[in-house]
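The residues making up each chain are set out below.
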Amino acid sequence: MLGFAIPLLVFCALEGAVGLSLLLPLPFSRPSIAICKVTTTQAGRSVIVTISVILVCLLLAPLYDILTFKDRPESTAGANAERRQSEATAHLGAILTGYDLLAMFVVRKLGLSLGKLDDVTSETKSVHEIKAEVNVFAAQTDPQTVTQ
């Protein structure tokens, strides 16, 4: 049981760490934003798709087990306890795998949105910078019409 759940818990912890670091103020969240921006490259997309396919395959096994528990007849008390444990294991696997799959896309989209916002805010200029650029342009085009 734990052999299947431990890698999923580790993946949950990694996603949680990246997600929480995205919620930090901007200078501290830049490493997580960079990680999310890497997923837009061709290699990053292939890694995300590969992980998604693996998680979907891992999700199918517990879902199949959950569906087949309805068809199995309940028998003795010892088998009933074993059945409850197997059913709990299947539910745990399905919940962890589904959460990992959903959180991967949510954290990625959050990181990409914050990355776009960071790019836009870093490109904005102050009024003084714009006036200085206008003066430089005006001096280049007509040296007599420089404004103060």
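Refer to the structure above for everything that follows.
To start, this report covers the structure provided alongside it. Computed from a predicted model, the values in this text were never measured in an experiment.

### Brief notes about the overall build of the protein
Counting its secondary structure elements, the protein contains five helices and zero strands. Mapped in sequence order, the helices and strands of the protein form the string α-α-α-α-α. Put simply, of all contacts in the protein between residues at least 6 apart along the chain, 75% involve residues at least 24 apart. As displayed, the protein has an accessible area near 10,300 Å², and 70% of this comes from carbon and sulfur atoms.

### So, the layout of surface pockets
In this structure, the largest pocket occupies an estimated 340 Å³ of space. Lining the largest pocket are 16 residues; nearest its centre among them are Val 18, Ile 35, Thr 39, Ile 48 and Met 104. Contributions of two or more residues to the lining of the largest pocket are made by α1 (2-22), α2 (26-38), α3 (42-69) and α4 (77-123). Of the residues that constitute the lining of the largest pocket, the class distribution is 12 nonpolar, two polar and two charged.

### Remarks on a nonpolar patch on the surface
A grouping of Phe 4, Ile 54 and Leu 58 is seen on the molecular surface, where their side chains present a nonpolar patch of about 230 Å² in accessible area. One can find Leu 58 in helix α3. Of the residues examined, Leu 58 reaches a relative accessible area of 31% and is grouped as partly exposed.

### Looking at the nonpolar core
Judged by nonpolar contacts, Ala 5, Leu 8, Cys 12, Ile 48, Leu 55, Leu 96, Leu 101 and Met 104 together constitute the single largest core of eight residues. Breaking this core down by element, the ones donating at least two residues are α1, α3 and α4.

### Comments concerning the environment of Arg 30
As for its placement among the helices and strands, Arg 30 is situated in helix α2. C-alpha separation for the pair Arg 30 and Leu 114, spaced 84 residues apart in sequence, amounts to 9.2 Å. A distance of 3.1 Å separates the side chain of Arg 30 from the side chain of Asp 118, its partner in a polar contact.

### Remarks on the pattern of salt bridges
Summed over the entire model, instances satisfying the criterion amount to two salt bridges. Asp 118 is the partner of Arg 30 in a salt bridge, and the nearest nitrogen-oxygen pair spans 3.1 Å. Taken as a pair, Arg 30 in helix α2 and Asp 118 in helix α4 lie far apart in primary sequence, 88 residues in all. For Arg 30, a relative accessible area of 41% gives the class partly exposed. One salt bridge connects Lys 37 with Asp 119, and the closest N-O pair in it is separated by 3.0 Å.

### Focus: the side chain of Asp 100
Examined against the element boundaries, Asp 100 turns out to sit in helix α4. No salt bridge forms around the buried Asp 100; measuring N to O, its nearest opposite-charge neighbour Arg 108 is 15 Å away. Setting aside residues up to four positions removed in sequence, Asp 100 forms contacts with Leu 8, Phe 11, Cys 12, Glu 15 and Leu 55.

### Overview of α3
Helix length check: α3 (28 residues) gives 41 Å between terminal C-alpha atoms against 40 Å at 1.5 Å per residue, within 8%. For α3, every residue scored as buried is listed here: Gly 44, Ile 48, Ser 52, Leu 55, Leu 59, Pro 62, Ile 66, Thr 68 and Phe 69.

### A short note on the environment of Gly 19
Within the secondary structure layout, Gly 19 lies in helix α1. On the accessibility criterion, Gly 19 (13% relative accessible area) is buried. Spatially, the C-alpha atom of Gly 19 lies 8.8 Å from that of Val 106, the residues being 87 residues apart in sequence.

Conventions we followed
- Residues numbered from 1 in each chain as written.
- Predicted model: local features only at pLDDT ≥ 70, side-chain atom pairs only at ≥ 80, totals over all residues.
- Heavy atoms only, no water.
- Helix = DSSP H or I, 4+ residues; strand = E, 2+ residues; numbered from the N terminus.
- Contact = heavy atoms within 4.5 Å.
- Areas by Shrake-Rupley, 256 points an atom, 1.4 Å probe, with all protein chains shown as cover.
- 1 Å grid on protein atoms, 1.4 Å probe; cavity = no way out; pocket = protein on both sides within 12 Å on 5 of 7 lines; lining within 4 Å.
- Points joined across faces, edges and corners; volume = space filled by probe spheres on them.
- Nonpolar A, V, L, I, M, F, W, Y, C, P; charged D, E, K, R; others polar.
- Patch = residues over 30% accessible without salt bridge, like charges linked within 9 Å, V, L, I, M, F, W, Y side chains within 5 Å.
- Salt bridge = Lys/Arg side-chain N within 4 Å of Asp/Glu carboxyl O.
- Buried < 20%, exposed > 50% of the residue type's maximum accessible area, 1.4 Å probe, protein only.
- Core = buried A, V, L, I, M, F, W, Y, C linked by side-chain atoms within 4.5 Å.
- Polar contact = N/O pair within 3.5 Å; in protein donor to acceptor, adjacent residues only side chain to side chain.
- Lys, Arg positive; Asp, Glu negative; His and termini not counted.
- Expected span 1.5 Å × (residues − 1).

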